[in-house]
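# Tertiary structure, described
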Amino acid sequence: MVSKARSIVDYFDAIPDPRRGAGQRHEQSFVLLLVLMSTMSGYLGYRAMGDFIKRNRESLLKDLQPKKNRLPSFDTVRRVVQGIDFSIVSKQFQRWASQHVTLSRQEWISIDGKAIKGTVTNVCTPHLQFISLVSVYCAKQKLVLCNQQIKGKKDTEITVVQQLLKTLNMEGVTFTLDALHCQKKQQPSSLTAKMIM
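The notes below deal with the structure included here. Small disclaimer: the values here were computed from a predicted structure and weren't measured.

The end-to-end C-alpha distance of helix 6 (residues 86-98) is 18 Å, a good match for the 18 Å that 13 residues give at a rise of 1.5 Å each. Considered for burial, the residues of helix 6 that qualify are Ser87, Val89, Ser90, Gln92, Gln94 and Ala97. On its buried face, helix 6 is in contact with helix 1 (8-13) and strand 3 (143-150).

See below:
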(Lines give C-alpha, C1' and ligand atoms only; values in the text may rest on other atoms or scores of the structure.)
Protein backbone atom coordinates (compact mmCIF):
# COMPACT_ATOMS: atom_id res chain seq x y z
CA MET A 1 0.00 0.00 0.00
CA VAL A 2 1.38 3.41 -1.03
CA SER A 3 1.53 5.85 1.89
CA LYS A 4 -0.19 9.19 1.44
CA ALA A 5 2.12 12.18 1.03
CA ARG A 6 2.11 14.62 3.93
CA SER A 7 1.23 18.27 3.31
CA ILE A 8 3.71 21.13 3.63
CA VAL A 9 1.77 22.36 6.69
CA ASP A 10 2.49 19.07 8.47
CA TYR A 11 6.20 19.72 8.06
CA PHE A 12 5.90 23.40 9.05
CA ASP A 13 4.04 22.32 12.20
CA ALA A 14 7.17 20.47 13.34
CA ILE A 15 9.25 23.69 13.40
CA PRO A 16 9.68 25.06 16.95
CA ASP A 17 7.88 28.37 17.52
CA PRO A 18 10.13 30.80 19.48
CA ARG A 19 7.26 33.21 20.18
CA ARG A 20 5.54 33.43 23.55
CA GLY A 21 2.16 31.74 23.66
CA ALA A 22 0.29 34.78 24.95
CA GLY A 23 -1.07 37.10 22.30
CA GLN A 24 -0.45 34.86 19.30
CA ARG A 25 -3.14 35.47 16.69
CA HIS A 26 -1.72 33.28 13.94
CA GLU A 27 -0.11 29.86 13.95
CA GLN A 28 3.49 29.90 12.81
CA SER A 29 2.86 27.20 10.19
CA PHE A 30 0.04 29.29 8.68
CA VAL A 31 2.31 32.34 8.38
CA LEU A 32 5.03 30.21 6.77
CA LEU A 33 2.51 28.86 4.28
CA LEU A 34 1.61 32.43 3.28
CA VAL A 35 5.32 33.27 2.96
CA LEU A 36 5.79 30.29 0.66
CA MET A 37 2.74 31.15 -1.45
CA SER A 38 3.70 34.82 -1.82
CA THR A 39 7.32 34.00 -2.66
CA MET A 40 6.28 31.50 -5.33
CA SER A 41 3.99 34.21 -6.75
CA GLY A 42 6.88 36.66 -7.08
CA TYR A 43 6.14 38.79 -3.99
CA LEU A 44 9.57 39.18 -2.39
CA GLY A 45 10.15 41.11 0.84
CA TYR A 46 7.91 41.69 3.85
CA ARG A 47 5.87 44.56 2.42
CA ALA A 48 5.42 42.68 -0.85
CA MET A 49 4.16 39.67 1.12
CA GLY A 50 1.73 41.98 2.88
CA ASP A 51 0.51 43.17 -0.54
CA PHE A 52 0.04 39.55 -1.65
CA ILE A 53 -2.10 38.86 1.41
CA LYS A 54 -4.22 41.98 0.85
CA ARG A 55 -4.74 41.35 -2.86
CA ASN A 56 -5.73 37.74 -2.34
CA ARG A 57 -7.61 38.24 0.92
CA GLU A 58 -10.94 36.77 -0.16
CA SER A 59 -9.42 33.67 -1.76
CA LEU A 60 -7.08 33.05 1.18
CA LEU A 61 -9.90 33.32 3.71
CA LYS A 62 -12.15 31.05 1.66
CA ASP A 63 -9.59 28.35 0.84
CA LEU A 64 -7.40 28.33 3.98
CA GLN A 65 -10.06 29.18 6.57
CA PRO A 66 -7.72 30.69 9.20
CA LYS A 67 -8.64 30.99 12.87
CA LYS A 68 -11.14 33.78 13.58
CA ASN A 69 -11.12 34.56 9.85
CA ARG A 70 -8.00 36.70 10.21
CA LEU A 71 -4.88 37.12 8.06
CA PRO A 72 -1.50 38.37 9.34
CA SER A 73 -0.09 41.80 8.52
CA PHE A 74 3.36 42.22 6.97
CA ASP A 75 4.66 43.16 10.45
CA THR A 76 3.54 39.79 11.79
CA VAL A 77 5.09 38.01 8.81
CA ARG A 78 8.37 39.86 9.44
CA ARG A 79 8.47 38.98 13.13
CA VAL A 80 7.77 35.30 12.46
CA VAL A 81 10.36 34.99 9.69
CA GLN A 82 13.06 36.84 11.63
CA GLY A 83 12.59 34.59 14.64
CA ILE A 84 13.01 31.29 12.80
CA ASP A 85 16.18 29.33 12.06
CA PHE A 86 16.38 29.22 8.26
CA SER A 87 18.19 25.87 8.26
CA ILE A 88 15.26 24.18 10.03
CA VAL A 89 12.71 25.64 7.58
CA SER A 90 14.90 24.58 4.66
CA LYS A 91 15.21 21.00 5.93
CA GLN A 92 11.47 20.70 6.50
CA PHE A 93 10.73 22.04 3.04
CA GLN A 94 13.20 19.61 1.50
CA ARG A 95 11.61 16.68 3.36
CA TRP A 96 8.21 17.67 2.00
CA ALA A 97 9.52 18.18 -1.56
CA SER A 98 11.39 14.86 -1.59
CA GLN A 99 8.04 13.05 -1.52
CA HIS A 100 7.33 14.35 -5.02
CA VAL A 101 10.74 13.84 -6.67
CA THR A 102 12.02 10.57 -8.12
CA LEU A 103 15.56 10.50 -9.50
CA SER A 104 16.65 7.93 -12.05
CA ARG A 105 20.14 6.49 -12.35
CA GLN A 106 22.53 8.48 -14.55
CA GLU A 107 20.71 11.72 -13.65
CA TRP A 108 22.88 14.85 -13.81
CA ILE A 109 22.90 16.92 -10.61
CA SER A 110 24.51 20.37 -10.45
CA ILE A 111 25.81 21.80 -7.16
CA ASP A 112 26.80 25.45 -6.86
CA GLY A 113 27.06 28.21 -4.29
CA LYS A 114 25.77 31.74 -4.85
CA ALA A 115 25.56 34.93 -2.79
CA ILE A 116 22.03 36.31 -2.37
CA LYS A 117 21.49 39.82 -3.68
CA GLY A 118 20.62 42.47 -1.10
CA THR A 119 21.91 40.58 1.96
CA VAL A 120 25.10 42.58 2.63
CA THR A 121 25.12 43.77 6.25
CA ASN A 122 28.46 45.59 6.61
CA VAL A 123 28.87 47.78 3.53
CA CYS A 124 31.41 50.09 5.19
CA THR A 125 34.01 47.40 5.96
CA PRO A 126 36.70 45.91 3.66
CA HIS A 127 35.33 42.36 4.00
CA LEU A 128 31.65 42.26 3.09
CA GLN A 129 29.39 39.73 4.75
CA PHE A 130 26.39 38.36 2.89
CA ILE A 131 24.18 35.30 2.87
CA SER A 132 25.25 32.55 0.50
CA LEU A 133 23.42 29.35 -0.42
CA VAL A 134 24.62 26.09 -1.92
CA SER A 135 21.91 24.64 -4.15
CA VAL A 136 21.50 21.14 -5.56
CA TYR A 137 19.77 21.31 -8.96
CA CYS A 138 18.42 18.56 -11.22
CA ALA A 139 18.71 19.88 -14.79
CA LYS A 140 16.47 17.26 -16.41
CA GLN A 141 13.55 17.86 -14.04
CA LYS A 142 14.34 21.56 -13.59
CA LEU A 143 14.06 21.25 -9.81
CA VAL A 144 16.12 22.52 -6.89
CA LEU A 145 16.39 19.37 -4.78
CA CYS A 146 17.73 21.12 -1.69
CA ASN A 147 19.90 23.98 -0.50
CA GLN A 148 21.95 24.89 2.53
CA GLN A 149 23.23 28.19 3.86
CA ILE A 150 26.94 28.96 4.16
CA LYS A 151 27.14 30.41 7.66
CA GLY A 152 29.74 33.17 7.65
CA LYS A 153 33.27 32.25 8.62
CA LYS A 154 32.29 28.92 10.18
CA ASP A 155 31.51 27.25 6.86
CA THR A 156 32.93 27.25 3.36
CA GLU A 157 31.31 26.13 0.13
CA ILE A 158 33.52 23.02 0.22
CA THR A 159 32.38 21.90 3.68
CA VAL A 160 28.71 22.64 2.94
CA VAL A 161 28.85 20.63 -0.30
CA GLN A 162 30.37 17.69 1.58
CA GLN A 163 27.57 17.84 4.15
CA LEU A 164 24.94 17.92 1.41
CA LEU A 165 26.47 14.95 -0.41
CA LYS A 166 26.36 12.88 2.76
CA THR A 167 22.79 13.95 3.53
CA LEU A 168 21.46 13.31 0.02
CA ASN A 169 22.97 9.82 -0.14
CA MET A 170 22.42 9.59 -3.91
CA GLU A 171 23.71 6.63 -5.90
CA GLY A 172 24.27 6.27 -9.64
CA VAL A 173 23.97 9.99 -10.43
CA THR A 174 26.54 12.38 -11.86
CA PHE A 175 27.38 15.51 -9.88
CA THR A 176 28.81 18.61 -11.57
CA LEU A 177 30.69 21.12 -9.39
CA ASP A 178 33.08 24.07 -9.72
CA ALA A 179 36.83 23.51 -9.93
CA LEU A 180 36.94 24.81 -6.34
CA HIS A 181 36.16 21.26 -5.23
CA CYS A 182 39.16 19.67 -6.98
CA GLN A 183 41.03 19.15 -3.72
CA LYS A 184 41.92 15.58 -2.85
CA LYS A 185 42.06 16.17 0.91
CA GLN A 186 38.64 17.83 0.88
CA GLN A 187 36.74 15.15 -1.03
CA PRO A 188 34.61 12.68 0.97
CA SER A 189 36.16 9.23 1.05
CA SER A 190 32.97 7.24 0.36
CA LEU A 191 31.09 8.68 -2.63
CA THR A 192 29.26 6.15 -4.78
CA ALA A 193 28.22 8.74 -7.38
CA LYS A 194 30.39 10.00 -10.20
CA MET A 195 31.70 13.55 -9.73
CA ILE A 196 32.64 15.89 -12.59
CA MET A 197 34.42 19.08 -11.57
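Moving on: the pattern of salt bridges. The full count for this structure, using the stated rule, is four salt bridges. The partner of aspartate 17 in a salt bridge is arginine 19, and the shortest N-O contact between them spans 2.9 Å. Its relative accessible area of 30% is what places aspartate 17 among the partly exposed residues. The partner of lysine 67 in a salt bridge is glutamate 27, and the shortest N-O contact between them spans 3.0 Å. Taken as a pair, lysine 67 in the loop between helix 4 (57-64) and helix 5 (74-82) and glutamate 27 in the loop between helix 1 and helix 2 (28-40) lie far apart in primary sequence, 40 residues in all. Lysine 67 gets classed as exposed once you look at its relative accessible area, which sits at 56%.

Reading guide: rules and limits
Residues numbered from 1 in each chain as written. Predicted model: local features only at pLDDT ≥ 70, side-chain atom pairs only at ≥ 80, totals over all residues. Heavy atoms only, no water. Helix = DSSP H or I, 4+ residues; strand = E, 2+ residues; numbered from the N terminus. Expected span 1.5 Å × (residues − 1). Buried < 20%, exposed > 50% of the residue type's maximum accessible area, 1.4 Å probe, protein only. Contact = heavy atoms within 4.5 Å. Salt bridge = Lys/Arg side-chain N within 4 Å of Asp/Glu carboxyl O.

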